[in-house]
Amino acid sequence: MKMMKIVVLVFMLAGMAMQSAFAGWDPKIEDNARESVEFFRKNAPQLDRFFQHAYGYAVFYDVYKGGLILLGGAHGSGYVYELNTLIGTSKITQLNVGPQLGGQSFAEIVFFKSKGDLDNFKKGNFELNAQATAVLVTSGMATNTDYSNGVAVFAIPKAGVMADATIGGQKFSYKPL
């Protein structure tokens, strides 16, 4: 139990250290957001049908995940689009419980089928649980994947090695530009 408290404390401190100060409009936001979307368009062209028909989407270029023994988590920042227009930023936080060891980074995108689905996300009470996990992007996968409860979630591994058999969830925040 003491080890679990230490691991939780380490993740909390790391999360606070990763928070950046933000005062006003940053001209790099639009460039970073555009690069994040282009990463998915280039590395997962099979997602084009989602880009064409989704009401909106949230894209996270760098999500960092780590786990040790029975507890792990992930954190990343991203951008939110409505009708292909950048409208805000978002943060993703994940907590996992179960056997795990290692660390990795990945990119994730959440497509919203309708205005109502995106509005629910923007209210800040949007969560994905263990039953609504991201589909790992592989060739041909998007032809068999569709929305579930108004959202479709995809992830592309980028770096690292992680072994896990965990249960957890993702929590998202939203901040308008």
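Predicted model only: the values in this text are computed from it and were never measured.

## Observations concerning the pattern of salt bridges
Thinking step 1. Taken as a whole, this structure holds 6 salt bridges when the rule is applied.
Thinking step 2. One salt bridge in this structure joins aspartate 62 and lysine 158, with 2.7 Å as the shortest N-O distance. In this pair, aspartate 62 sits in strand E1 (residues 56-82) while lysine 158 sits in strand E5 (residues 151-164), placing the two residues 96 residues apart along the sequence.
Thinking step 3. Residue class for aspartate 62 comes out partly exposed when judged on its relative accessible area of 25%.
Thinking step 4. According to the relative accessible area criterion, lysine 158 is partly exposed, its value standing at 28%.
Thinking step 5. Between glutamate 82 and lysine 122 there is a salt bridge, and its shortest N-O distance comes to 3.3 Å. Within this pair, whereas glutamate 82 is found in strand E1, its partner lysine 122 is found in helix H4 (residues 115-122), the two being separated by 40 residues in sequence.
Thinking step 6. Of the residues examined, glutamate 82 reaches a relative accessible area of 16% and is grouped as buried.
Thinking step 7. Among the charged side chains, a salt-bridge network with shared partners connects Glu82, Lys115, Asp119 and Lys122.

## Quick look at the packing of aromatic side chains
Thinking step 1. Here the structure, examined in full by the defined rule, presents 14 aromatic pairs.
Thinking step 2. Centroid distance phenylalanine 111 to phenylalanine 154: 6.1 Å. Interplanar angle 70°. Geometry classified as edge-to-face. Of the two residues, phenylalanine 111 is situated in strand E2 (residues 85-112) and phenylalanine 154 in strand E5; the sequence distance between them amounts to 43 residues.
Thinking step 3. Given a relative accessible area of 0%, phenylalanine 154 falls into the buried group.
Thinking step 4. The rings of Phe50, Phe51, Tyr57, Tyr81, Phe111, Tyr147 and Phe154 are connected pair by pair, giving a single aromatic cluster.
Thinking step 5. Positioned above the aromatic ring of phenylalanine 51, the side-chain terminus of arginine 41 is 4.1 Å from the ring centre.

How each quantity is defined
- Residues numbered from 1 in each chain as written.
- Predicted model: local features only at pLDDT ≥ 70, side-chain atom pairs only at ≥ 80, totals over all residues.
- Heavy atoms only, no water.
- Salt bridge = Lys/Arg side-chain N within 4 Å of Asp/Glu carboxyl O.
- Helix = DSSP H or I, 4+ residues; strand = E, 2+ residues; numbered from the N terminus.
- Buried < 20%, exposed > 50% of the residue type's maximum accessible area, 1.4 Å probe, protein only.
- Phe/Tyr/Trp six-rings, centres within 6.5 Å; stacked < 30°, edge-to-face > 60°.
- Lys NZ or Arg CZ within 6 Å of the ring centre and 35° of its normal.

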